[in-house]
Amino acid sequence: GAGVSQSPSNKVTEKGKDVELRCDPISGHTALYWYRQSLGQGLEFLIYFQGNSAPDKSGLPSDRFSAERTGGSVSTLTIQRTQQEDSAVYLCASSLVERGPGVDTQYFGPGTRLTVL
Amino acid sequence: KNEVEQSPQNLTAQEGEFITINCSYSVGISALHWLQQHPGGGIVSLFMLSSGKKKHGRLIATINIQEKHSSLHITASHPRDSAVYICAVFKTSGSRLTFGEGTQLTVNP
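The structure displayed is predicted, hence computed values, not measured ones.

Basis of the calculations
- Residues numbered from 1 in each chain as written.
- Chains lettered and ligands numbered in written order.
- Predicted model: local features only at pLDDT ≥ 70, side-chain atom pairs only at ≥ 80, totals over all residues.
- Heavy atoms only, no water.
- Contact = heavy atoms within 4.5 Å.
- Salt bridge = Lys/Arg side-chain N within 4 Å of Asp/Glu carboxyl O.
- Polar contact = N/O pair within 3.5 Å; in protein donor to acceptor, adjacent residues only side chain to side chain.
- Helix = DSSP H or I, 4+ residues; strand = E, 2+ residues; numbered from the N terminus.
- Nonpolar A, V, L, I, M, F, W, Y, C, P; charged D, E, K, R; others polar.
- Core = buried A, V, L, I, M, F, W, Y, C linked by side-chain atoms within 4.5 Å.
- Buried < 20%, exposed > 50% of the residue type's maximum accessible area, 1.4 Å probe, protein only.
- Disulfide = S-S within 2.5 Å.
- Pairing = 2+ DSSP bridges.
- Axes fitted to C-alpha atoms, helices over the stretch in contact; angles between N-to-C directions.

## Points about the interface of chain B and chain A
The interface is formed by 15 residues belonging to chain B together with 19 residues belonging to chain A. Our enumeration of links across chain B and chain A arrives at 0 salt bridges. Our enumeration of links across chain B and chain A arrives at 1 residue pair in polar contact (both at pLDDT 80 or more). Per element, the largest residue contribution to the side of chain B that touches chain A is 5 residues, and it comes from strand S4 (residues 29–37) of chain B. Of the residues that constitute the side of chain B that touches chain A, the class distribution is 8 nonpolar, 5 polar and 2 charged.

## A few points about the side chain of Thr-103 of chain B
Structurally, the position occupied by Thr-103 of chain B is in strand S11 (residues 103–108). A distance of 3.2 Å separates the side chain of Thr-103 of chain B from the side chain of Gln-6 of chain B, its partner in a polar contact.

## Here we look at the nonpolar core
The biggest cluster of nonpolar side chains holds 24 residues, and the ones touching the most others in it are Leu-32, Trp-34, Leu-72 and Tyr-85 of chain B. Put simply, the parts of the chain that give this core at least two residues each are strand S3 (19–25), S4, strand S5 (43–49), strand S7 (59–64), strand S8 (69–74), strand S9 (83–91) and S11 of chain B. Setting aside residues up to four positions removed in sequence, Leu-72 of chain B forms contacts with Ile-19, Thr-20, Ile-21, Trp-34, Leu-46, Phe-47, Ile-60, Ala-61 and Tyr-85 of chain B. The next biggest cluster of nonpolar side chains, apart from the first, holds 21 residues, and it includes Leu-91 and Val-97 of chain A together with Leu-35 and Val-84 of chain B.

## A closer look at the state of the cysteines
Evaluated as defined, the whole model comprises 2 disulfides over all chains. Cys-23 of chain A shares a disulfide with Cys-92 of chain A; S-S distance 1.8 Å. Disulfide Cys-23 of chain A to Cys-92 of chain A: torsion about the S-S bond roughly -60°, handedness left-handed. Of this pair, Cys-23 of chain A sits in strand S3 (residues 19–24) while Cys-92 of chain A sits in strand S9 (residues 88–95), and the two are 69 residues apart along the sequence. Cys-92 of chain A gets classed as buried once you look at its relative accessible area, which sits at 0%. Note on cysteine connectivity: Cys-23 of chain B is disulfide-linked to Cys-87 of chain B, with sulfurs 1.9 Å apart. Judged by the sign of its S-S torsion, about -60°, the cystine formed by Cys-23 of chain B and Cys-87 of chain B is left-handed.

## Quick word on the pattern of salt bridges
All names here are of chain A. Taken as a whole and assessed by the stated rule, the structure comprises 6 salt bridges over all chains. For Lys-17, the salt bridge is made with Glu-14, and the minimal N-O distance between the two is 3.6 Å. Note that Glu-44 and Arg-36 form a salt bridge whose closest N and O atoms lie 3.1 Å from each other. The partly exposed category is assigned to Glu-44, whose relative accessible area is 30%.

## Some details on the sheet that holds strand S6 (residues 52–56) of chain B
Pairing between sheet strands relies on hydrogen bonds along the backbone, with the strands arranged either parallel or antiparallel. Residues and elements named next belong to chain B. The 5 strands are arranged S1-S3-S8-S7-S6 in an open sheet whose pairing can be described as antiparallel. Edge strands, defined here as strands with exactly one partner in the open sheet, are strand S1 (4–7) and S6. Between one strand and the next, the sheet's axes are offset by a mean angle of 15°, whatever the strand orientation. Here S7 pairs with S8 via 6 bridges, running antiparallel. Bridge pairing in S8 places Ile-60 opposite His-73.

## Here's the deal with the sheet that holds strand S7 (residues 65–69) of chain A
All names here are of chain A. Here we have 4 strands laid out as an open sheet, ordered S1-S3-S8-S7, and antiparallel in their pairing. Every interior strand has two partners, whereas the edge strands, strand S1 (5–7) and S7, have only one. Across the sheet, the mean angle separating the axes of adjacent strands is 15° when strand polarity is ignored. Alignment of S3 against strand S8 (residues 75–79), held across 5 bridges, turns out to be antiparallel. The residue of S8 that forms the bridge with Leu-21 is Leu-77.

## Observations concerning the pairing of S9 of chain B
Taken residue by residue, a regular strand's side chains alternate between the two faces of the sheet. Residues and elements named next belong to chain B. Counting buried positions over the 9 residues of S9 gives 9, a clear majority of the element. By the alternation rule, side chains of S9 split into Ala-83, Tyr-85, Cys-87, Val-89 and Lys-91 and Val-84, Ile-86, Ala-88 and Phe-90, which are all buried. Here 8 bridges tie S4 to S9, and the two strands are oriented antiparallel to one another. If you follow Gln-36 over to S9, its bridge partner there is Tyr-85. By the bridge criterion, 3 bridges tie S9 to S11 in an arrangement that is antiparallel. If you follow Val-84 over to S11, its bridge partner there is Gln-104. Note that S9 and strand S10 (residues 97–99) share 3 bridges and pair antiparallel. Paired with Val-89 across the two strands is Thr-98, which belongs to S10.

Laid out in structure tokens, this is it:
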């Protein structure tokens, strides 16, 4: 069966350019999470979607970051005017949310490694 | 002080040894997750706990809600267990996971 997929797997961009990262969750999973892992750092929460709405955007580090989810499925994380400190692995996870967000197993995608030169 | 603290940060063991990784947290939670991250970066969810103990193969996870503490045990460790183990909590007041810094485990043959 298909797991969570993310694209691209690697992205190298120049400072100041915009990037879009895509996440395809497991079919039927209503909750979707974006996380970031900077080199040598722990995981950092960015945003959580329940269906198409984002009840918690408080982890987004600046207004250059935005995310959307359409059709309760695919999500796109957009970073505008990228900076070198945005370089990290961006991870997406989804869960079924039978019992509530956070109390169901989260399934992680392979991540997108973003390098901002 | 981080809301989720793991110890040790690094752990080296010989194949066959019994391993314990600890996680303490300082907030009210509805669930605690143990995750495994392999050198290639992929993350796998091992356990989700809200009370008691769970076992899967050679892995055992326990949680003491009153003491705000969880442990992950690996019995008969193997080099393929080498990975970063991450503790994460889901706070009762929010909708997000808060992560510990991870424990780098190396099991030598």
